[in-house]
Amino acid sequence: MDRTPKLTLDQELQAAVAIIRVGLDRLQDAACRTADPAPHAAALRAIYNVRAEDDGVLAAVSRVVGTISQSLTDVDDDRIDDITEKLDEAESYVLSSAGERIGQALEILGELIPPCEECGQHRDDVEVMPDPFSTSLYPEATDHRQMPLCPPCAVKRFEDS
């Protein structure tokens, strides 16, 4: 026996939109709780991943629009071609228009993120921290040099101590 409550189409769509809004609110909150540019860049990459355009929120929106457009080709009406043409344009504009602009903003924003002092990479997870090497060797000291490190380099400096 199926115990899943049956939702009307309207209820199902409202629930889906509510879930999406919660996710978008989480992205916004994660990005905007600090003046540090790294969380802002990370959230924008979650929305539009320059390196993997088929990943991220915009790619998901683009796929949904494309799938709906493709599904509409089964409808028997003379106006379907006009509708699918508009939807196909919308599908491509999501990534090409909004995505390209976010990508351009990310390029500039990336320059504001300090590079890891060890590997030199500009990563969203670079954090300014007390030197793990000296902190491990001299835990009682309070004047450890602050340095921007990515997690792998921080672990390596700690393990080298």
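Residues numbered from 1 in each chain as written. Predicted model: local features only at pLDDT ≥ 70, side-chain atom pairs only at ≥ 80, totals over all residues. Heavy atoms only, no water.

A.B. asks: Where do I start with the pattern of salt bridges in this structure?
C.D. replies: Side chains that differ in sign of charge can pair as their charged atoms come close. The final tally for this structure, using the stated rule, is eight salt bridges. Here K156 ties to D160 by a salt bridge, and the two come within 3.1 Å at their closest N and O atoms. Note that K156 and D160 are positioned in helix α6 (residues 151–160) at a spacing of four residues, about one turn of the helix. Judged by relative accessible area, K156 falls into the partly exposed class, the value being 48%. (Salt bridge = Lys/Arg side-chain N within 4 Å of Asp/Glu carboxyl O. Helix = DSSP H or I, 4+ residues; strand = E, 2+ residues; numbered from the N terminus. Buried < 20%, exposed > 50% of the residue type's maximum accessible area, 1.4 Å probe, protein only.)

A.B. asks: Could you clarify how one ought to interpret the nonpolar core in this entry?
C.D. replies: Residues A38, A41, Y48, L58, A59, V94, L95, I102, L106, L109 and I113 constitute the largest nonpolar core, which totals 11 residues. Where this core is concerned, the elements lending two or more residues are α2 (37–47), α3 (57–72) and α4 (80–110). Per-element accounting of this core gives the leading share, five residues, to α4. Every residue in contact with L58, bar those within four places of it in the chain, is listed here: I47, Y48, V94, L95, A98, G99 and I102. V126, M147, C150 and C153 belong to the second-largest nonpolar core, a separate cluster that totals eight residues. (Core = buried A, V, L, I, M, F, W, Y, C linked by side-chain atoms within 4.5 Å. Contact = heavy atoms within 4.5 Å.)

A.B. asks: What am I meant to see in α3 here?
C.D. replies: Every α-helix carries 3.6 residues per turn, so stepping three or four residues along brings you back to the same face. Taking 1.5 Å as the rise per residue, α3 with 16 residues should run 22 Å; its terminal C-alpha atoms sit 23 Å apart, in good agreement. Taken together, the buried positions of α3 are occupied by L58, A59, S62, V65, G66 and S69. Buried residues in α3, looked at end-on, bunch into an arc of 130 degrees, giving them a common side. Packing partners of the buried residues in α3 comprise α2 and α4. (Expected span 1.5 Å × (residues − 1). Arc of directions from axis to C-beta.)

A.B. asks: Looking at this model, I keep getting lost on the packing of α3 against α4. Mind explaining?
C.D. replies: Two numbers describe a pair of packed helices, the interaxial angle and the distance between the axes. One way to put it is that α3 packs onto α4 with a least axis distance of 9 Å and a crossing angle of 170 degrees. As judged from the angle between their axes, α3 and α4 are roughly antiparallel. Touching L58, A59, V61, S62, V65, G66, I68, S69 and L72 of α3 are I80, I83, T84, L87, D88, A90, E91, V94, L95, A98, G99 and I102, all from α4. Here the contact of α3 with α4 is built from residues that sort into 14 nonpolar, five polar and two charged. (Axes fitted to C-alpha atoms, helices over the stretch in contact; angles between N-to-C directions. Parallel < 35°, antiparallel > 145°, perpendicular 65-115°, else oblique. Nonpolar A, V, L, I, M, F, W, Y, C, P; charged D, E, K, R; others polar.)

A.B. asks: Honestly, the confidence of the model for the protein in this entry has me stumped. Any pointers?
C.D. replies: Detailed reading of the predicted coordinates is not advisable wherever pLDDT is low. Taken over all residues, the pLDDT of the protein has a mean of 91, while the share at 70 or more is 98%. Mean pLDDT per element in the protein: strand β1 (residues 127–130) is the minimum at 89, and α3 is the maximum at 96. (pLDDT = per-residue confidence, 0-100.)

A.B. asks: Teacher, can you tell me more about a nonpolar patch on the surface here?
C.D. replies: A cluster of nonpolar side chains, contributed by F133, L137 and Y138, occupies part of the molecular surface with about 270 Å² of accessible area. Structurally, Y138 can be placed in the loop between α5 (132–137) and β2 (146–149). (Patch = residues over 30% accessible without salt bridge, like charges linked within 9 Å, V, L, I, M, F, W, Y side chains within 5 Å. Areas by Shrake-Rupley, 256 points an atom, 1.4 Å probe, with all protein chains shown as cover.)

A.B. asks: Help me understand a negative patch on the surface, please; the structure alone is not making it clear to me.
C.D. replies: Together, D76, D78, D81, D82, E85, D88 and E89 line one region of the surface with negative charge. As for its position among the elements, D78 is in the loop between α3 and α4. For D78, a relative accessible area of 76% gives the class exposed. (Lys, Arg positive; Asp, Glu negative; His and termini not counted. Charge placed at Lys NZ, Arg CZ, Asp CG, Glu CD.)

A.B. asks: Would you explain the side chain of S134 in this entry?
C.D. replies: Of note, S134 is situated in helix α5. Look at S134 and you get buried, because its relative accessible area is 15%. What S134 contacts, discounting residues up to four positions off in sequence, is P139 and H144.

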